[in-house]
Amino acid sequence: MQYVHGGDYHKNKGMLDFSANINPLGMPKGCMKEAMRGVLESVHYPDYEGRKLLHALTQSEGVDSHAIILGNGAAELIYAICYAIFPQKALVAVPCFQEYEIALHNVGCQVEHYCLKREMEYQLDEDFLLAITKEIDLVFLCNPNNPTGKLIEKELLTQIVTRCQECNTYLVIDECFLPFVIEEENYSMKAALENNPYLFILRAFTKIYAMPGLRLGYFISLNETMRTKIRSCMQPWNTSIPAQYAGLKALKDQEFIARTRAFIEKERTYLEKRLRLPVIDHVFKGQANFIFFEASKDLYRHLQDKQIIIRDCSNFENLSKGFYRIAILMHKENETLIRAIEEATEYGYEKELLNNGGKE
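**Student:** When you look at the pairing of strand β9 (residues 280–284) in this model, what are you seeing that I'm missing?
**Tutor:** Side-chain direction in a regular strand flips from residue to residue, so the side chains alternate between the two faces of the sheet. As defined by bridge partners, β9 adjoins strand β10 (residues 290–295) across four bridges and the pair is classed as antiparallel. Paired with Ile280 across the strands is Ala295, a residue of β10.

**Student:** Can you help me understand the environment of Arg301 in this one?
**Tutor:** Tracing the backbone through its elements, the reader meets Arg301 in helix α10 (residues 299–305). Arg301 gets classed as partly exposed once you look at its relative accessible area, which sits at 24%. Here the alpha-carbon distance between Arg301 and Ala344, two residues 43 residues apart in the chain, equals 9.6 Å.

**Student:** What's the story with a negative patch on the surface in this structure? I'm lost.
**Tutor:** Where like charges cluster on the molecular surface, the negative patch consists of Glu126, Asp127, Glu153 and Glu155. Assignment of secondary structure puts Asp127 in the loop between β4 (110–115) and α5 (128–131). Among the residues examined, Asp127 registers a relative accessible area of 42% and is labelled partly exposed.

**Student:** Looking at this model, I keep getting lost on helix α9 (residues 254–274). Mind explaining?
**Tutor:** Residues spaced three or four apart along an α-helix face the same direction, because each turn holds 3.6 residues. Helix length check: α9 (21 residues) gives 31 Å between terminal C-alpha atoms against 30 Å at 1.5 Å per residue, within 8%. For α9, every residue scored as buried is listed here: Phe256, Ile257, Thr260, Arg261, Phe263, Ile264, Glu267, Arg268, Tyr270, Leu271 and Glu272.

**Student:** So what exactly am I meant to see when it comes to helix α2 (residues 51–61) here?
**Tutor:** Those residues of α2 that sit buried are Leu53, Leu54, Ala56, Leu57, Thr58 and Glu61. On its buried face, α2 is in contact with β2 (68–71), β7 (199–204), β8 (217–220) and α8 (241–250). At the C-terminal side of α2, Gly62 shows a positive phi close to 70°.

**Student:** How do you make sense of unusual backbone geometry when you look at a structure like this?
**Tutor:** Glycine aside, a negative phi is what most residues show, and trans is what most peptide bonds show. Residue Pro95 is reached from Val94 by a cis peptide bond, and omega for that bond is 10°. As for its position among the elements, Pro95 is in the loop between β3 (89–94) and α4 (99–106). Residue Pro144 follows Asn143 across a cis peptide bond; omega there is 0°. With respect to the helices, strands and loops of the structure, Pro144 is situated in the loop between β5 (138–142) and α6 (154–166). The backbone of Phe86 sits at a positive phi, close to 50°, despite the residue not being glycine.

**Student:** Mind showing me how you'd approach the packing of helix α3 (residues 73–85) against helix α7 (residues 224–232) here?
**Tutor:** Axes are the key here: two packed helices are described by the angle between their axes and the distance separating the axes. As a packed pair, α3 and α7 sit with axes 8 Å apart at the nearest point and diverge in direction by 115°. As summarised for this structure, α3 and α7 are arranged roughly perpendicular, according to the angle between their axes. Considering the relative orientation of α3 and α7, their crossing is right-handed. Residues Ala80, Ile81, Ala84 and Ile85 of α3 pack against Met226, Lys229 and Ile230 of α7.

**Student:** Got a minute to help me understand the nonpolar core in this structure?
**Tutor:** For soluble globular proteins, the rule of thumb is that nonpolar side chains tend to be buried together. Judged by nonpolar contacts, the single largest core of 86 residues is most densely connected at Leu124, Phe128, Leu141, Ile160, Phe205 and Leu299. Looking at which element gives the most residues to this core, the answer is α9, with six residues. Residues within four places of Leu141 in sequence aside, it is in contact with Ala93, Tyr100, Leu124, Phe128, Ile152, Leu157, Ile160, Leu171, Val172, Ile173 and Asp174. Core analysis: the next-biggest nonpolar cluster, separate from the first, contains 34 residues, Ile69, Ala103, Val172 and Tyr198 among them.

**Student:** Got a minute to help me understand the environment of Glu224 in this structure?
**Tutor:** Note that Glu224 resides in helix α7. Residues Glu224 and Pro197, 27 residues apart in the sequence, show an inter-C-alpha distance of 8.3 Å.

**Student:** For this particular structure, what's the right way to read a positive patch on the surface?
**Tutor:** Taken together, the side chains of Lys33, Lys52, Lys249 and Lys252 make up a positively charged region of the molecular surface. Counting through the fold element by element, Lys33 comes out in helix α1 (residues 29–40).

**Student:** Would you take a moment to explain the sheet that holds β4 for this structure?
**Tutor:** Note on sheets: strands pair through backbone hydrogen bonds, and any given pair is parallel or antiparallel. If you walk across this open sheet you meet the seven strands as β2-β8-β7-β6-β5-β3-β4, and the pairing is mixed. Here the strands that pair on one side only, and so sit at the sheet edges, are β2 and β4. Mean inter-strand twist for the sheet, computed between neighbouring axes without regard to direction, equals 20°. Pairing of β3 with β5 involves three bridges; the strand directions are parallel. Counterpart to Ala90 in the pairing with β5 is Leu138. Lying over the sheet, α3 contacts β2, β5, β6 (170–174), β7 and β8, oriented at roughly 155° with respect to β7.

**Student:** Which parts of the structure should I look at to understand the pairing of β8?
**Tutor:** Residue alternation in β8 divides its side chains into two sets, Gly217 and Phe219 and Tyr218 and Ile220, and both sets are buried. Relative to β8, β2 runs antiparallel, the two sharing four bridges. What sits directly across from Ile68, in β8, is Ile220. With four bridges connecting them, β7 and β8 associate as antiparallel partners. Note on β8: the bridge partner recorded for Arg203 is Tyr218.

Calculation criteria
- Residues numbered from 1 in each chain as written.
- Predicted model: local features only at pLDDT ≥ 70, side-chain atom pairs only at ≥ 80, totals over all residues.
- Heavy atoms only, no water.
- Pairing = 2+ DSSP bridges.
- Helix = DSSP H or I, 4+ residues; strand = E, 2+ residues; numbered from the N terminus.
- Buried < 20%, exposed > 50% of the residue type's maximum accessible area, 1.4 Å probe, protein only.
- Patch = residues over 30% accessible without salt bridge, like charges linked within 9 Å, V, L, I, M, F, W, Y side chains within 5 Å.
- Areas by Shrake-Rupley, 256 points an atom, 1.4 Å probe, with all protein chains shown as cover.
- Salt bridge = Lys/Arg side-chain N within 4 Å of Asp/Glu carboxyl O.
- Lys, Arg positive; Asp, Glu negative; His and termini not counted.
- Charge placed at Lys NZ, Arg CZ, Asp CG, Glu CD.
- Expected span 1.5 Å × (residues − 1).
- Contact = heavy atoms within 4.5 Å.
- Axes fitted to C-alpha atoms, helices over the stretch in contact; angles between N-to-C directions.
- Parallel < 35°, antiparallel > 145°, perpendicular 65-115°, else oblique.
- Left-handed = near helix turned anticlockwise from the far one by under 90°.
- Core = buried A, V, L, I, M, F, W, Y, C linked by side-chain atoms within 4.5 Å.

Laid out in structure tokens, this is it:
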């Protein structure tokens, strides 16, 4: 299995990692404490349904607990949805999170790409509606998009939801990064779930609560038949006791979310301003906890020499060499990155000339 994501901590131990889009404030201390308490109780099987956590999610999401299914991270749910629907043809707007396409190929699905345009800053537009036809069984969308950080406007999302329902096409909207957005409620499509059996909303504790190692996600759907099929595609006891306990505690800490959003907004502004460097061709305006940009030099290699890892986005569909994504970290770490890019500009140019035999 080829690893196609950032955040390979175990391979890059000791390096400053900007490749994983995790909340820089870290896991809330209360969640850590509850996870450790869960370890002590892990001589027992976890609650098969995660009933206490489901009840808490019912309160926070405003839906019936039966409409929610817990997952071993969002990734497990992406695969389970694909196995349950078993689509013949699916549509994804690229570049986007690569696990959608990998999961689709696992069930032998033909994947249609809607290529977002560089000249439109990779912003999804209304032409996407024309790509949704009755032949499309399943559509994946990420809002905000990964790796571009672009939000899809509510009006267009509403049109997409309507179009998919008209075509009997299942639609998965991945909102895992939406909690980082200050006006989250203006972009979430949870309200559209009512009377729509084709819509699934995907969420996770991974990014916003900085607990990727605990693996905890969930999706919401009012389609009882599909929920039953999806659950049958998943292993029993798929969410551990530590994960359930940490998730339950996380939902009680709304102050942490507000503090995170304010911090991300401030540091994003700082980084966008400081990235106006000769080596950076363009910084794409985004709203998530990461920044997507294009550079004229091999920044990945140069920064790796300085013990800094960023996300090389050249393996994303519809992107090429020179596109990068950086997570927003703590201010001192962000300053370190900027200094390294400034230094890498001169150093990297000289090194490339040497490697090319002095030819520019």
